[in-house]
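Here is how the chains run, residue by residue.
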Amino acid sequence: MASGKKFKVINPLLTLLLLGIAWELVIRVSNIPNYVLPPPSAILAAFGSYPWYLTYNLAETLTSALIGLAIAAAFSLTLSIPLAYSEAVRESVYPLITGFNAIPRAALVPLLALWFGLGAAPRVLTAFLIAFFPILVPTLTAMITMEKELWEMLQSFGASKGQILIKVAVPRAMPYFLSSLHMGLTSAFVGSVIAEMVASDRGLGYVILSSTSRLDTPLAFACLILLALTTFLISKVLSLVERRVVGWAYRVNI
Amino acid sequence: MEPAIRLCGITVRYGNGDGGLVAVADVDLDVMPGEVVSIVGKSGCGKTTLLKVIAGLVKPVRGELVLNGHKANTPHRGVGMLFQSPLLLPWRTVIKNILLPIEVLNGDVRSYLSRAYELIEKVGLKGFENSYPWELSGGMQQRVALCRALIHKPSTLLLDEPFSALDAITREEMWGLLQEIIEYERCTTVLVTHDVREAVLLSDRVVVISGRPGRVRSEVRVDFRRPRGLDIQYTKEFNDYVAMIKSLIGD
Ligand SMILES: Nc1ncnc2c1ncn2[C@@H]1O[C@H](COP(=O)(O)OP(=O)(O)OP(=O)(O)O)[C@@H](O)[C@H]1O
Ligand SMILES: [Mg+2]
């Protein structure tokens with residue numbers, strides 16, 4: 001068990017390597033053409049052929065997804081405070097938000113492009129529109145499910161609802177808020193990539209679309225791997241931030 | 001002398017119409033300044049409700065709450081509350097938990113700092129100021145909660161089964177500590193408890209409530225000088241009080 005930590009890193013990498021070898025072998029034995037399903041060697045070759053092109057487009061996707069996520073986080077946190085404060089506000093606004101969330105956001109991209117052109121704006125907006133809901137819901141729920149006795153105790157000191165909310169309910173919701181950013185992160189990437197596919201001339205979404213139309217499937221796969229890797233790494237960074245900022249919430253090692 | 005707390009014909013109802021429930025009815029109760037009064041009675045008879053009425057957290061449908069001669073019906077800063085569970089905030093250190101009431105009220109936290117340290121020392125937690133609540137035992141957490149209840153120098157301390165989650169030995173320690181604190185702070189104290197021995201040991205008067213709806217059934221004055229040592233429990237008078245109060249609760 002002493003080397004458990006080392007295995008935690010090595011084991012998944014080993015699994016990945018074995019899967020890659022198996023994949024390579026299956027493709028070679030079965031003669032599936034590269035444009036249908038490229039073997040890992042062809043995908044690696046694509047990385048080698050287009051290093052700067054991929055880097056540039058990754059940077060585009062990353063920027064719009066992260067800006068969208070940041071706006072979604074700020075928006076959700078800010079909005080959850082009045083929603084938590086007043087049941088009346090909650091009852092009149094929350095159903096609208098839920099209703100909006102039911103719209104497939106991909107369908108909005110052409111409209112966003114019509115209004116904002118083909119620049120970064122529609123990509124950032126799509127990322128934001130998809131990412132805010134999975135952040136808002138857990139954050140708000142954490143704020144409005146405070147222990148009744150704690151609430152009463154603070155009230156008994158003469159504290160107002162707003163004061164209790166800011167000093168207790170909001171910090172109490174922070175672990176939920178931060179962990180919801182993981183969901184928000186993947187949603188934001190989905191948003192950016194969709195917008196790039198529908199209305200853009202850059203970004204990994206655009207590269208996937210254009211490369212598959214040229215039957216350059218290895219390049220599309222390279223994009224997918226980049227997306228997965230980037231989201232994974234940012235998620236890890238988020239986890240580190242979580243442990244630092246709200247370590248108190250993880251005092252039990254489950 | 002004017003009573004510190006006067007309940008006058010207090011009736012509390014939860015919910016309206018047929019689904020409503022009268023939790024307590026026509027309760028009259030006076031508590032003199034500095035007095036320690038315990039409220040005992042069966043589970044669900046309305047003890048917590050009475051405490052909340054005194055804190056201004058529950059509005060009676062009938063009757064009046066008078067504090068030091070002034071009518072009151074909203075939460076007021078004159079009370080400190082302690083519940084069965086310490087309800088400390090896990091992201092705040094001991095000292096910051098204790099100062100929470102001051103902070104929430106946008107008070108000058110720094111001018112209360114020395115009081116906070118003084119209380120911490122009084123309850124025997126010196127050295128734990130910067131620990132987090134989850135690093136403390138249950139008894140220690142309840143001591144922190146007691147400091148928090150007292151930080152704003154309330155004239156009245158309201159305790160709702162404050163020690164029932166603690167083991168017997170810790171509970172006896174807390175009895176001693178609470179007596180010291182009450183003596184030192186000169187608080188008027190209302191204690192709700194299920195433990196009749198605790199009620200007799202700590203209070204000047206024990207009020208027995210009968211249930212559904214809660215009414216004052218009887219009052220027993222406990223004639224021991226305060227503060228009281230723990231060995232008083234083994235005297236005959238003490239056990240006579242306990243037996244009498246138990247029989248009053250019983251039927
Ligand atoms: N917020 C509430 N809404 C509706 N009914 C309530 C509420 N709080 C208490 N009650 C009811 O009022 C009655 C008295 O409750 P209360 O909590 O005052 O009893 P208690 O004497 O403190 O009981 P226990 O000893 O179990 O703590 C109970 O029947 C309870 O069901
Ligand atoms: Mg109770």
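Since the model is a prediction, treat every value here as computed from it, not as a measurement. (Residues numbered from 1 in each chain as written. Chains lettered and ligands numbered in written order. Predicted model: local features only at pLDDT ≥ 70, side-chain atom pairs only at ≥ 80, totals over all residues. Heavy atoms only, no water.)

A short note on the overall build of chain A
Alright, step 1. When helices and strands are tallied, chain A shows ten helices and zero strands.
Alright, step 2. Reading the secondary structure of chain A in the N-to-C direction produces α-α-α-α-α-α-α-α-α-α.
Alright, step 3. Within chain A, contacts between residues separated by at least 24 positions form 74% of all contacts whose residues are at least 6 apart in sequence.
Alright, step 4. Of the roughly 13,500 Å² that chain A leaves accessible, carbon and sulfur atoms contribute 73%.
Alright, step 5. Once the 17 positive and 11 negative side-chain charges of chain A are each reduced to a mean point, those two points are 8 Å apart. (Helix = DSSP H or I, 4+ residues; strand = E, 2+ residues; numbered from the N terminus. Contact = heavy atoms within 4.5 Å. Areas by Shrake-Rupley, 256 points an atom, 1.4 Å probe, with all protein chains shown as cover. Lys, Arg positive; Asp, Glu negative; His and termini not counted. Charge placed at Lys NZ, Arg CZ, Asp CG, Glu CD.)

Some points on a nonpolar patch on the surface
All names here are of chain A.
Alright, step 1. A surface patch of nonpolar side chains, amounting to about 900 Å² of accessible area, comprises Val9, Ile10, Leu13, Leu14, Leu16, Leu17, Leu18, Ile21 and Leu25.
Alright, step 2. Considering the arrangement of structural elements, one finds Ile21 in helix α1 (residues 4-30).
Alright, step 3. Of the residues examined, Ile21 reaches a relative accessible area of 44% and is grouped as partly exposed. (Patch = residues over 30% accessible without salt bridge, like charges linked within 9 Å, V, L, I, M, F, W, Y side chains within 5 Å. Salt bridge = Lys/Arg side-chain N within 4 Å of Asp/Glu carboxyl O. Buried < 20%, exposed > 50% of the residue type's maximum accessible area, 1.4 Å probe, protein only.)

Focus on the site of ligand 1
Residues and elements named next belong to chain B.
Alright, step 1. Near ligand 1 lie 13 residues; those nearest to it are Ser43, Gly44, Lys47, Thr48 and Thr49.
Alright, step 2. Within the side chain of Ser43, a nitrogen or oxygen atom sits 2.6 Å from an oxygen atom of ligand 1.
Alright, step 3. In the model, an oxygen atom of ligand 1 is placed 2.5 Å from a nitrogen or oxygen of the Thr49 side chain.
Alright, step 4. Among the elements of the structure, β2 (21-31) and α1 (47-55) are those that each provide at least two residues to the shell around ligand 1.
Alright, step 5. When residues in the shell around ligand 1 are grouped by element, the largest group, three residues, is from α1. (Near = heavy atom within 4 Å. Polar contact = N/O pair within 3.5 Å; in protein donor to acceptor, adjacent residues only side chain to side chain.)

Topic: the interface of chain B and chain A
Alright, step 1. Across the boundary between the two partners, chain B contributes 25 residues, which contact 19 residues of chain A.
Alright, step 2. Surface buried jointly by chain B and chain A totals about 2,100 Å² across both partners, of which 72% is contributed by carbon and sulfur atoms.
Alright, step 3. A per-residue breakdown of the area chain B buries against chain A is headed by Leu87, Trp91 and Val104 of chain B, which together make up 30% of the total.
Alright, step 4. Remark: the boundary between chain B and chain A carries two salt bridges.
Alright, step 5. When the shortest N-O distance is used, the salt bridge between Glu152 of chain A and Lys52 of chain B registers 3.1 Å.
Alright, step 6. Where chain B touches chain A, the interface holds three residue pairs in polar contact (both at pLDDT 80 or more). (Buried area = accessible area lost by both parts, 1.4 Å probe.)

Observations concerning the sheet that holds strand β5 (residues 70-71) of chain B
All names here are of chain B.
Alright, step 1. Spatially, four strands are ordered β2-β1-β4-β5 in an open sheet, and the strand pairing comes out antiparallel. Edge positions in the sheet fall to β2 and β5, since each has one partner strand and no second.
Alright, step 2. Note: strand β4 (residues 62-67) against β5, two bridges, orientation antiparallel. In the sheet register, Val66 faces β5, and the bridge partner there is Lys71.
Alright, step 3. Contacts from α1 reach β1 (5-14), β2 and β4, with the element oriented near 120° to β1. (Pairing = 2+ DSSP bridges. Axes fitted to C-alpha atoms, helices over the stretch in contact; angles between N-to-C directions.)

Section: the confidence of the model for chain A
Alright, step 1. Averaged over every residue, the pLDDT of chain A is 91; the share at 70 or more is 97%.
Alright, step 2. Highest mean pLDDT in chain A belongs to helix α3 (residues 51-85) of chain A (96); lowest belongs to helix α7 (residues 148-156) of chain A (85). (pLDDT = per-residue confidence, 0-100.)

Comments concerning the environment of Phe232 of chain A
Residues and elements named next belong to chain A.
Alright, step 1. Mapped onto the secondary structure, Phe232 falls in helix α10 (residues 217-245).
Alright, step 2. Here Phe232 falls in the partly exposed class, since its relative accessible area comes to 48%.
Alright, step 3. Sequence separation between Phe232 and Ala173 is 59 residues; the distance between their C-alpha atoms is 24 Å.

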